[in-house]
Amino acid sequence: QVQLVESGGGLVQPGGSLRLSCVASGFSFSSYYMNWYRQAPGKERELVASISDAGRRTNYADSLKGRFTISRDNAKSTVYLQMNSLKPEDTAVYYCNFLSGLRPYWGQGTQVTVSS
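Residues numbered from 1 in each chain as written. Predicted model: local features only at pLDDT ≥ 70, side-chain atom pairs only at ≥ 80, totals over all residues. Heavy atoms only, no water.

## Section: the pattern of salt bridges
Short version of the rule: Any carboxyl oxygen of Asp or Glu within 4 Å of a side-chain nitrogen of Lys or Arg constitutes a salt bridge here. Exposure is judged per residue with a 1.4 Å probe applied to protein chains only, and the accessible area is read against the type maximum: over 50% gives exposed, under 20% gives buried, and values in between give partly exposed. Working definition: helices are DSSP H or I runs of at least four residues, strands are E runs of at least two. Numbering for both runs from the N terminus.
For the structure on display, the rule yields 3 salt bridges. Glu46 is the partner of Arg38 in a salt bridge, and the nearest nitrogen-oxygen pair spans 2.6 Å. Of the residues examined, Arg38 reaches a relative accessible area of 7% and is grouped as buried. Residue Glu46 is classed as partly exposed on the basis of its relative accessible area, which comes to 35%. The salt bridge partner of Asp90 is Arg67, with a shortest N-O separation of 2.8 Å. In this pair, Asp90 sits in the loop between β8 (78-83) and β9 (92-100) while Arg67 sits in the loop between β6 (58-60) and β7 (68-73), placing the two residues 23 residues apart along the sequence.

## Regarding the side chain of Thr110
How we decide: The term polar contact refers here to a pair of N or O atoms within 3.5 Å; inside protein, the definition further demands a hydrogen-donor-capable atom paired with an acceptor-capable atom, and it admits residues adjacent in sequence only when both atoms are side-chain atoms. Every residue pair with non-hydrogen atoms within 4.5 Å of one another is taken to be in contact.
Note that Thr110 resides in strand β11 (residues 110-114). Separated by 3.1 Å, the side chain of Thr110 and the backbone nitrogen of Gly9 make a polar contact. Contacts of Thr110, omitting those with residues within four sequence positions, involve Glu6, Ser7, Gly8, Gly9, Leu20, Ala92, Val93 and Tyr94.

## Comments concerning the environment of Val23
The residue Val23 is located in strand β3 (residues 18-25) in this model. Between the alpha carbons of Val23 and Leu64 there is a distance of 23 Å; along the sequence they are 41 residues apart. Ignoring sequence-local partners within four residues, the contact set of Val23 consists of Gln3, Leu4, Val5, Ser77 and Thr78.

## What about the pairing of β9?
Consecutive side chains of a regular strand alternate in pointing toward one face of the sheet and then the other. Let me state the cut-off plainly: In this description, strands pair whenever DSSP reports at least two bridges between them.
Sheet topology places strand β4 (residues 34-39) next to β9; 5 bridges connect them, and they run antiparallel. Among the inter-strand pairings, Gln39 is bridged to a residue of β9, identified as Val93. For β9 and β11, the ladder comprises 3 bridges, and the chain directions are antiparallel. Of the residues in β11, the one forming a bridge with Ala92 is Val112. The pairing of β9 with strand β10 (residues 103-106) spans 4 bridges and is classified as antiparallel.

So this is what it looks like as structure tokens:
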């Protein structure tokens, strides 16, 4: 069955960096665009970044351009999110996602907390 397992979250000080990973299984990973979303307490889930199936095209939320980088390794069925210059407002649960037709698949999420 389809599984998306995120890892790499944690507590980091403002200005710090984290790299999130999402290991996929149960589907043809290299055939799908992959996305990272995040949801902060009391807020709606928002799209952070997307990457095309071969990794040649990426898109980011305007507010995050220049700080976050999405990448993928199709040989490892893994998508990454490198987050630099983290701010307290980046605190959220980060989710890996893809769409198969109209059906979204989600991982369980990984908590990122930016605080001094």
